[in-house]
Amino acid sequence: DGVEIGQFGAEDPSEGGLTQRQMFTGFLRYKTADHDLTATVYVTRYRLSLWNNFTFFLGDPVNGDEIEQDDARLFAGARLNHSFMRRWRSLSFRTTLGTETRYDGVHVDRWNAQSQNGDFRKRASRRIDTGELAFNGNNNNIDILNISGYAEEDVVFNRYFRLVAGMRIDFFSYNVDDLGEALGAGMPQTSGVAQFVVP
């Protein structure tokens, strides 16, 4: 006999997730007839926990195959732009110069988990993947930095025609520290640093 699952039911009721976020944002604006200066700063604390069970008891017939995935991060950033307006004959110009920056400090975890008929969740051990498609984000600290600058020119010719042109450049830096990395002969390196510029 099969078990009927209701409209909002699940084969494993312990699947699901929890998330929370706390954010602070500050704004400043100074505006005159010819100038417009705006500044924004923000800091956000974010937490996410997900419980999934894709294969039920295929891998572990005793405890089940449930996985807990955790993402804990703090990210902060700022944006500053300055626009100034001017006219020449019948043309109106709005020039904007600006810069942005954002930093993410992230910690990701994955655990083997188990449940008792969906009544509770329990961590069993840290998740370790094997095989060609193994995912190594089981206990990592990740730092991400983005710094950018941009410029925009907005020209209004008349009420029917305007031209907007702009350019932007971004610098990205990634630093991954795999806290469970196993270093040895023939072992892949999963920690590292990468930096690049996108014009």
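All figures in this text were calculated on a predicted structure; none of them were measured in a lab.

*Asks:* Please explain the overall build of the chain as it appears in this structure.
*Replies:* Assigned secondary structure in the chain consists of zero helices and eight strands. Reading the secondary structure of the chain in the N-to-C direction produces β-β-β-β-β-β-β-β. Relative to its 199 residues, the chain shows a buried fraction of 26%. Nonlocal contacts in the chain, meaning residues at least 24 apart in sequence, comprise 61% of its contacts between residues at least 6 apart.

*Asks:* So what exactly am I meant to see when it comes to the packing of aromatic side chains here?
*Replies:* Note on aromatic pairs: each is described by the distance of the centres and the angle between the planes. Under the counting rule described, the total for this entry stands at five aromatic pairs. Taken together, a centroid distance of 6.0 Å and an interplanar angle of 20° make the contact between Tyr 174 and Phe 196 stacked. Separated by 22 residues along the polypeptide, Tyr 174 in strand S7 (residues 161–178) and Phe 196 in strand S8 (residues 192–198) bring together distant segments of the chain. Taken together through their ring pairs, the aromatic side chains of Phe 172, Tyr 174 and Phe 196 make up a single cluster. If you follow Arg 126 out to its NZ or CZ, it ends over the ring of Trp 111, 4.1 Å from the centre.

*Asks:* Explain the side chain of Ser 83 to me, please; I cannot follow it from the model alone.
*Replies:* Residue position: Ser 83 is located in strand S3 (residues 67–88). The class of Ser 83 is buried, set by a relative accessible area of 3%. Of note is the side chain of Ser 83, whose polar atom sits 2.7 Å from the side chain of Thr 96. Ignoring anything within four residues of it in the chain, the contact list for Ser 83 reads Asp 34, His 35, Asp 36, Arg 94, Thr 95 and Thr 96.

*Asks:* How should unusual backbone geometry be read in this particular structure?
*Replies:* Most peptide bonds take the trans configuration, and most residues that are not glycine carry a negative phi. Here Arg 89, not a glycine, exhibits a phi torsion of approximately 55°, which is positive. Relative to the elements of secondary structure, Arg 89 occurs in the loop between S3 and strand S4 (91–115).

*Asks:* Got a minute to help me understand a nonpolar patch on the surface in this structure?
*Replies:* Nonpolar side chains collect at one region of the surface, where Phe 24, Val 41, Val 43 and Leu 74 lie side by side and expose about 350 Å² of accessible area between them. On the accessibility criterion, Val 41 (40% relative accessible area) is partly exposed.

*Asks:* What should I look at first to understand the pairing of S7 in this one?
*Replies:* Regular strands place side chains that alternate from one sheet face to the opposite one. With 18 bridges joining them, strand S6 (residues 139–158) and S7 adopt antiparallel strand pairing. Bridging from a neighbouring strand, Val 155 pairs with Leu 163 of S7. Counting the residues that bridge the hairpin from S6 to S7 gives two residues. As defined by bridge partners, S7 adjoins S8 across seven bridges and the pair is classed as antiparallel. The residue bridging Ser 173 from the neighbouring strand is Gln 195, located in S8.

About the thresholds
Residues numbered from 1 in each chain as written. Predicted model: local features only at pLDDT ≥ 70, side-chain atom pairs only at ≥ 80, totals over all residues. Heavy atoms only, no water. Helix = DSSP H or I, 4+ residues; strand = E, 2+ residues; numbered from the N terminus. Buried < 20%, exposed > 50% of the residue type's maximum accessible area, 1.4 Å probe, protein only. Contact = heavy atoms within 4.5 Å. Phe/Tyr/Trp six-rings, centres within 6.5 Å; stacked < 30°, edge-to-face > 60°. Lys NZ or Arg CZ within 6 Å of the ring centre and 35° of its normal. Polar contact = N/O pair within 3.5 Å; in protein donor to acceptor, adjacent residues only side chain to side chain. Patch = residues over 30% accessible without salt bridge, like charges linked within 9 Å, V, L, I, M, F, W, Y side chains within 5 Å. Areas by Shrake-Rupley, 256 points an atom, 1.4 Å probe, with all protein chains shown as cover. Salt bridge = Lys/Arg side-chain N within 4 Å of Asp/Glu carboxyl O. Pairing = 2+ DSSP bridges.

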